[in-house]
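Next come the chains, spelled out residue by residue.
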Amino acid sequence: MDLGINGKWALVCAASKGLGKGCAAALVREGVNVVITARGLEALQATAAELQALNPAVKVVPVAGDITTPAGRAAALAACPQVDILINNAGGPPPGDFRDWDRDTWIKAVDANMLTPIELIKAVVDPMAARGFGRVVNITSAAVKAPIDVLGLSNGARSGLTGFVAGVARQSKLASRNVTLNALLPGPFDTDRLRSGMASAASKSGQSLEAVVEARRKANPSQRFGTADEFGAFCAFLCSVHAGYITGQNLLLDGGAYPGTF
Ligand code: NAP
């Protein structure tokens, strides 16, 4: 299927590794020019070279910076001639017990996982509407639908973003102009973040890493973790010309882990 987005420009935030990289790779394969961001320059440059090799016909622009800061966002936006596709992503907040979190901890989580995507949405959606095409995909978490106790910062900040986007996506000045806003809710995907979470669970519980990995894998109905490539492929479809009638949705990609009917 031709996704119809050849030649468009995408800003893919937090994309040197993991799910962001998977989305950037799928878009590049479809002929989309990408600006990719991350804080660490070395991994970012290596990923930019990999993406370029996937499709020499597109432009791949790496921008090093922290997307949760005003300077990081300004640099990313300045590098993108026009943002037709925005993939909002950043590292997730740390786990813990809410009794230990002070106001600064909360502000940091809300800044990174709620206000940063909102600022970027604010910067791009009206120009998208003026051009008659726009796709915003927020990478959130399955925890938005089924909260995970120790991820209270994530549950809270991402739910705030989800509520905000639910309203904005339904503005007819956006929806009637072919601008869609949706969220992808990952369950367990095999990335550095998942692996480091399992490593810390293993060291806390005294179990071997292999035992923790096996237990997590078997706890999922699919008996496996998702891959960044399959996450990216779905994201690219959501950014395609064929997905213009899907907006304001929260789409779980979790191998069937969520136990509810809806
Ligand atoms: P990952 O493999 O650790 O990759 C994170 C990427 O984001 C890296 O490229 C990292 O590069 C970049 N990044 C992190 N913070 C950044 C910042 N402030 N500014 C710019 N770039 C930043 O993580 P992932 O598994 O892909 O997770 C992506 C998001 O999905 C996270 O919010 C995570 O909580 C969420 N999620 C993941 C899973 C899962 O199973 N993987 C499940 C649910 C939710 P630098 O460190 O160099 O900046």
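Anything mentioned here points back to the structure above.
Calculation criteria
- Residues numbered from 1 in each chain as written.
- Predicted model: local features only at pLDDT ≥ 70, side-chain atom pairs only at ≥ 80, totals over all residues.
- Heavy atoms only, no water.
- Helix = DSSP H or I, 4+ residues; strand = E, 2+ residues; numbered from the N terminus.
- Contact = heavy atoms within 4.5 Å.
- Axes fitted to C-alpha atoms, helices over the stretch in contact; angles between N-to-C directions.
- Parallel < 35°, antiparallel > 145°, perpendicular 65-115°, else oblique.
- Left-handed = near helix turned anticlockwise from the far one by under 90°.
- Nonpolar A, V, L, I, M, F, W, Y, C, P; charged D, E, K, R; others polar.
- Buried < 20%, exposed > 50% of the residue type's maximum accessible area, 1.4 Å probe, protein only.
- Core = buried A, V, L, I, M, F, W, Y, C linked by side-chain atoms within 4.5 Å.
- Near = heavy atom within 4 Å.
- Polar contact = N/O pair within 3.5 Å; in protein donor to acceptor, adjacent residues only side chain to side chain.
- Areas by Shrake-Rupley, 256 points an atom, 1.4 Å probe, with all protein chains shown as cover.
- Salt bridge = Lys/Arg side-chain N within 4 Å of Asp/Glu carboxyl O.

Peer 1: How should the side chain of Ser16 be read in this particular structure?
Peer 2: In this fold, Ser16 is placed in the loop between strand S1 (9-12) and helix H1 (18-29). If we ignore the near neighbours within four places in the chain, the residues touching Ser16 are Lys21, Thr37, Ala38, Ala43, Leu44 and Thr47.

Peer 1: Looking at this structure, I do not really get the packing of helix H4 (residues 103-131) against helix H5 (residues 152-169). What am I missing?
Peer 2: The geometry of a pair of packed helices is captured by two quantities: the angle between their axes and the separation between those axes. Two elements in contact, H4 and H5, have axes whose closest approach is 9 Å; the angle formed by their N-to-C orientations is 25 degrees. Taken as axis vectors, H4 and H5 run roughly parallel relative to one another. Relative to H5, the crossing made by H4 is right-handed. Contacts between H4 and H5 involve Thr105, Trp106, Ala109, Val110, Asn113, Met114, Pro117, Ile118 and Ile121 from the first element and Gly152, Leu153, Gly156, Ala157, Arg158, Gly160, Leu161, Phe164 and Val165 from the second. Its residues placed into classes, the contact of H4 with H5 shows twelve nonpolar, five polar and one charged.

Peer 1: Explanation requested: unusual backbone geometry in the structure shown.
Peer 2: Residues other than glycine predominantly adopt negative phi, and peptide bonds predominantly adopt the trans conformation. Although it is not a glycine, Ala14 adopts a positive phi angle of roughly 55 degrees. Following the sequence through the fold, Ala14 ends up in the loop between S1 and H1. The exposure class of Ala14 is partly exposed, given its relative accessible area of 21%. The backbone of Asn178 shows a phi angle near 65 degrees, a positive value even though the residue is not glycine. Along the chain, Asn178 turns up in the loop between helix H6 (172-175) and strand S6 (179-186).

Peer 1: Which parts of the structure should I look at to understand the environment of Arg39?
Peer 2: Among the secondary structure elements, Arg39 is positioned in the loop between strand S2 (33-38) and helix H2 (41-54). Taking relative accessible area as the criterion, Arg39 reaches 66% and is therefore assigned exposed. Separated by 25 residues in sequence, Arg39 and Ala14 have C-alpha atoms that sit 8.0 Å apart. Apart from residues lying up to four places away in sequence, Arg39 is in contact with Ala64, Gly65 and Asp66.

Peer 1: Just to check I follow, could you spell out the nonpolar core for this structure?
Peer 2: Soluble globular proteins tend to pack their nonpolar side chains together in the buried interior. Val12, Leu27, Val34, Ile36, Ile85 and Ile87 are the most contacted members of the largest nonpolar core, which has 34 residues in total. Of all the elements in the fold, those that place two or more residues in this core are S1, H1, S2, H2, strand S4 (85-88), strand S5 (134-139) and helix H9 (228-238). Here the element with the most residues in this core is H1; it accounts for seven residues. Residues within four places of Leu27 in sequence aside, it is in contact with Ile5, Ala10, Val12, Val32, Val34, Ile85, Ile87, Ala236 and Cys239. In terms of nonpolar packing, the next biggest core, distinct from the first, is built from 26 residues, Trp9, Val83, Ala90 and Val165 among them.

Peer 1: Would you explain the site of the ligand in this entry?
Peer 2: Around the ligand lies a shell of 28 residues, among which Ser16, Leu19, Arg39, Ala90 and Thr191 are the nearest. Take Gly187: an N or O atom from its main chain is 3.1 Å from an oxygen atom of the ligand. Arg193 places a polar side-chain atom, nitrogen or oxygen, 2.9 Å from an oxygen atom of the ligand. Look at the ligand: alone it shows 880 Å² of surface, and the protein chains cover 89% of it. Every element with two or more residues in the shell around the ligand is listed here: H1 and helix H7 (192-205).

Peer 1: What am I meant to see in the pattern of salt bridges here?
Peer 2: Pairing between side chains becomes possible if they bear opposite charge and their charged atoms approach one another. For the structure shown, the criterion picks out eight salt bridges. A salt bridge links Arg99 to Asp97; the shortest N-O distance between them is 2.9 Å. Judged by relative accessible area, Arg99 falls into the exposed class, the value being 62%. Residue class for Asp97 comes out partly exposed when judged on its relative accessible area of 32%. Measuring nitrogen to oxygen at the nearest pair gives 2.7 Å for the salt bridge that ties Arg217 to Glu214.

That is the geometry; function is a separate question.
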